[in-house]
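Reading the structure
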Amino acid sequence: MAAGTGGASGSEPLAGRVVVVGITGGIAAYKAVEVVSRLRRLGAEVHVVMTRAAARFVTPLTLQTISGNPVVTGLFSRVTRWNVEHVALAERADLLLVVPATANVVGKVAAGIADDFLTTTIMACRAPVVFCPSMNFRMYENPVFQANMARLTELGYHFIPPETGWLAEGTVGVGRLPDPARIVAEVVHLLQGDLSGRRVLVTAGPTREMIDPVRFISNPSSGKMGYALARAARARGAEVILVSGPTALAAPGGVELVRVESAEEMYRAVMERLPGVDLVLKAAAVGDWRPRRTHPTKVKKEGRTAWVLELEPTPDILAEVGRRKGKTVVVGFAAETEVSEPEVRAKMARKNVDLLVVNDVTRAEAGFASDRNQVTLFWPDGTREDLPLMTKEELAHRILDRVKPLLDRVKAPPGRREAAPGPVQAPPEIRRGE
Ligand SMILES: Cc1cc2nc3c(=O)[nH]c(=O)nc-3n(C[C@H](O)[C@H](O)[C@H](O)COP(=O)(O)O)c2cc1C
């Protein structure tokens, strides 16, 4: 993904940004010409990819002229001016806009099909992907299409919903492509997201500590809070790394997902990626105890009436992040069964965090595995904020809203480059877990 330049001039808010526009075979394809033209006028570098069906509705020559760049139409076609590969284009994109998006392309992406240049580019793209669906209202309301859209939304893809109005078939219904000016306004908003240019590391899910190859110690964390944070940060323009313990959740789109199992693996994954990170959101429920010994083979039940396991603490990831953090803003999460403010404050000081998000997991309708959560935010200056019950998605945004001023105190390096991954160090002397 190209580095965000941010702060471009008012007349050219998209200067230096690369937008890939995918055009598919819908009747509204002609409106994509206006979208491309507007994006260019705002300073964006625009590359157009058309499906074979799209080229039946509007000519590649028109789009080439308007975008000022060669237009890619087929997976195996070679572009004359520069050698575009789907991966190269996907890497350069700051945003990929599919306008109009047919029911067909949404279905293909939801099913993981990559059989042409556009779908392979979408598959390889880490930048935000925005679909502008437009179709007959019966197609739009079809539960298969709705389910595909819901799945992609859950994965972090964006949708600009169609409007209700006069459709090409001569009827009124939902499915009409919004005005090009509105579509471009959404693109500008996404590219100027308030976390644009920031690198955010999120941890999520439980950890697993193996007793033997068929048994482990874990906890009921579903990972939903961490995944919601990763999606929210991504939607606000951040570059997101999600270090996740085992969960049943789909990988959010546009996010670098690092899967781990044990607390020690999570420790290593986090420490390796910490350099260059602006914000750490440590929402994982890291197991704080592990068996002192993992049996290499299954421990037989026969002949035993009891089994005493000896446990030892796991590496304390949050405390170590707090120690190494420098200017990185660190948000810790604590799941408690009784919330005692003095204990919370002591924990904050011990871990050197900038904000501690505490939830009482005994509350019905909140905490582990739930889609909703109710938390209290504790700040190092002694203040606290009790938030009402809300969805984890809403809470993720609320937390990011609160953290944003702290990030603003630490300016992102202009045109930041990839930070070299730091060397993985062995966990420090093991202390009591979180
Ligand atoms: C005249 C005409 C208009 C069409 N309009 C739409 C449309 O607005 N939306 C849509 O989803 N499909 C529409 N289709 C169907 C798509 O063109 C068809 O599903 C095609 O396979 C899409 O290919 P693509 O997604 O690779 O571009 C239309 C087809 C025709 C012949």
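Before any of the text, the structure's been laid out above.
Throughout what follows, the structure given in this document is the object of discussion. What you see as residue numbers is a count from 1 along each chain, following the sequence as written. Per-residue local features of the predicted model are confined to residues with pLDDT of at least 70, and side-chain atom pairs are confined, for both listing and counting, to 80 or more; whole-chain, interface and lining totals are unaffected and use all residues. Hydrogens and waters are ignored; side-chain quantities use all the structure's heavy atoms.

**Quick notes on the overall build of the protein**
By the criteria applied, helices consist of DSSP H or I runs no shorter than four residues and strands consist of E runs no shorter than two, each listed in order from the N terminus. Within the protein, the regular secondary structure consists of 14 helices and 21 strands. Partly exposed describes any residue whose relative accessible area lies between the buried limit of under 20% and the exposed limit of over 50%, with all areas from a 1.4 Å probe on protein chains only and scaled to the type maximum. When each of the 434 residues of the protein is scored for burial, the buried share is 52%. Look at the contacts in the protein between residues 6 or more apart in sequence, and 69% of them connect residues 24 or more apart. Methods summary: accessible areas were calculated by the Shrake-Rupley approach with a probe of 1.4 Å, and residue burial reflects only the protein chains presented. Summing over all exposed atoms, the protein offers an accessible surface of approximately 19,900 Å²; the carbon and sulfur share of this is 52%. Any two residues whose heavy atoms approach within 4.5 Å are treated as being in contact.

**Quick word on the packing of aromatic side chains**
Aromatic ring pairs are defined here through the distance separating the ring centres and the angle between the ring planes. Stacked, tilted and edge-to-face are the three classes applied to pairs of Phe, Tyr and Trp rings, where Trp contributes its six-membered ring and a pair requires centres within 6.5 Å; stacked means planes under 30 degrees apart, edge-to-face means over 60, and tilted covers the rest. Under the counting rule described, the total for this entry stands at three aromatic pairs. Ring centres of Phe131 and Phe159 lie 5.2 Å apart, and the angle between their planes is 25°; this geometry places the pair in the stacked category. Remark: Phe159 occurs in strand β5 (residues 158–159) and Phe131 occurs in strand β4 (residues 129–133); sequence separation between them is 28 residues. Considered together, Phe131 and Phe159 belong to a single accessibility category, that of buried residues. What links up through ring pairs into an aromatic cluster is the set Phe131, Tyr157 and Phe159. Ring-over charges, as used throughout, are those where CZ of Arg or NZ of Lys falls within 6 Å of the ring centre and within 35 degrees of the ring normal. Note that Arg304 overlies the ring of Trp307, its terminal NZ or CZ placed 5.1 Å from the centroid.

**As for helix α13 (residues 341–351)**
Considered for burial, the residues of α13 that qualify are Val344, Arg345, Lys347, Met348 and Lys351. End-on view of α13: buried residues confined to an arc of 160°, all on one side of the axis. Exposed and facing more than 90 degrees away from the buried side of α13 are Pro342, Glu343, Ala349 and Arg350. Lining the buried residues of α13 we find α12 (317–324), β16 (329–336), β17 (355–360), β19 (375–378) and β20 (384–386). Just downstream of α13 lies Asn352, where phi reads positive at about 55°. Throughout, the arc means that of the directions going from the helix axis to the C-beta atoms.

**A closer look at the packing of helix α10 (residues 224–235) against helix α14 (residues 392–409)**
With their axes 8 Å apart at the nearest point, α10 and α14 run at an angle of 60° to one another. The angle between α10 and α14 falls in the class oblique. Between α10 and α14 lies a crossing whose hand is right-handed. Side by side, α10 and α14 meet where Lys224, Met225, Ala228, Leu229, Arg231, Ala232 and Ala233 of the first sit next to Lys392, Glu393, Leu395, Ala396, His397, Ile399 and Leu400 of the second. Under the scheme applied, nonpolar residues are Ala, Val, Leu, Ile, Met, Phe, Trp, Tyr, Cys and Pro; charged residues are Asp, Glu, Lys and Arg; polar residues are all the others, including Gly. In terms of residue class, the contact of α10 with α14 is made up of nine nonpolar, one polar and four charged. Axis definition: a line fitted to C-alpha atoms, limited for helices to the stretch in contact. Angles are taken between N-to-C directions and run from 0 to 180 degrees. Roughly parallel means an angle under 35 degrees; roughly antiparallel, over 145; roughly perpendicular, 65 to 115; everything else is oblique. Left-handed describes a crossing whose near helix is turned anticlockwise from the far helix through less than a right angle; right-handed describes the clockwise counterpart.

**Overview of unusual backbone geometry**
Cis geometry marks the peptide bond from Val99 to Pro100, where omega comes out at -10°. Structurally, Pro100 is set in strand β3 (residues 95–101). For Asn352, which is not a glycine, the phi torsion comes out positive at approximately 55°. Its location among the elements puts Asn352 in the loop between α13 and β17. By relative accessible area, Asn352 is classed as partly exposed at 40%.

**Regarding the sheet that holds β4**
Pairing between strands is defined by DSSP: at least two bridges between the two strands are required. Across the sheet, which stays open at both edges, the five strands sit in the order β2-β1-β3-β4-β5 with parallel pairing between neighbours. In the strand order of this sheet, the two ends are held by β2 (45–50) and β5, each with one partner. Pairing geometry for strand β1 (residues 18–23) and β3, over four bridges, is parallel. Residue pairing for β3: Val20 is matched across the bridge by Leu96. Along the sheet, helix α5 (residues 103–110) makes contact with β3, β4 and β5, crossing β3 at roughly 135°.

**Digging into the site of the ligand**
The cutoff for a nearby residue is simple: one of its non-hydrogen atoms must lie within 4 Å of the molecule or strand. Lining the immediate environment of the ligand, one finds 14 residues, of which Gly25, Thr51, Thr102, Ala103 and Asn104 sit closest. Within 3.5 Å is the distance limit for a polar contact, defined as a pair of N or O atoms, with the added protein rule that one can donate a hydrogen and the other accept it, and that residues adjacent in sequence qualify only through two side-chain atoms. The separation between an oxygen atom of the ligand and a polar side-chain atom of Thr102 is 2.7 Å. Between an oxygen atom of the ligand and a side-chain N or O atom of Asn104, the distance comes to 2.9 Å. Bound to the protein, the ligand loses 62% of the 640 Å² it would expose on its own.

**Thoughts on helix α6 (residues 117–124)**
Each α-helix turn comprises 3.6 residues. Residues three or four places apart therefore point the same way. Within α6, six of the eight residues are buried, which leaves it mostly tucked inside the rest of the structure. Listed as buried for α6 are Phe117, Leu118, Thr119, Thr120, Thr121 and Ile122.

**Topic: empty space enclosed by the protein**
For cavity detection a 1 Å grid was placed over the protein atoms alone, and a set of points counts as a cavity when a 1.4 Å probe fits there but cannot get out; an open set counts as a pocket when protein lies on both sides within 12 Å along at least five of seven lines, with lining residues being those that have an atom within 4 Å of a point. Grid points are joined across faces, edges and corners, and a volume is the space filled by probe spheres set on the points. Under the counting rule described, the total for this entry stands at one cavity of 30 Å³ or more. Size it by volume and the largest cavity reaches roughly 60 Å³. If you go around the largest cavity, the residues you meet are Cys125, Arg126, Ala127, Pro128, Val129, Gly156, Tyr157, His158, Arg234, Gly253 and Gly254. For the lining of the largest cavity, the residue count by class is five nonpolar, four polar and two charged. What marks off one domain from the next here is an automatic or database domain assignment. Mapping the lining of the largest cavity onto the domain boundaries places at least three of its residues in each of domain 1 (18–191) and domain 2 (199–295 + 307–409).

**As for the nonpolar core**
Judged by nonpolar contacts, the single largest core of 35 residues is most densely connected at Leu229, Leu279, Leu281, Phe333 and Ile399. Sequence-distant contacts of Leu281, defined by excluding residues within four places in its chain, comprise Val200, Leu201, Val202, Thr203, Leu229, Val331, Phe333, Ile399 and Leu400. Take the buried residues of types Ala, Val, Leu, Ile, Met, Phe, Trp, Tyr and Cys, join any two whose side-chain atoms come within 4.5 Å, and each joined set is a nonpolar core.

**Regarding the packing of helix α1 (residues 29–41) against helix α3 (residues 60–67)**
Helix-helix packing is characterised by the crossing angle of the two axes and by the distance between the axes. Closest axis-to-axis distance for the α1/α3 pair is 9 Å, and the angle between their directions is 15°. Viewed along their axes, α1 and α3 adopt a mutual orientation that is roughly parallel. In the crossing of α1 with α3, the sense of the turn from one axis to the other is right-handed. The residues of α3 that touch α1, namely those facing Val33, Val36, Ser37 and Arg40, are Thr62, Leu63, Thr65, Ile66 and Ser67. Among the residues making up the contact of α1 with α3, the classes are represented as four nonpolar, four polar and one charged.

**Digging into the side chain of His295**
Looking at the secondary structure, you find His295 in the loop between β14 (289–291) and β15 (311–313). When near neighbours in sequence (up to four residues on either side) are disregarded, His295 contacts Ile211, Asp212, Pro213 and Trp307.

Functional significance is not addressed by these values, which are geometric in nature.
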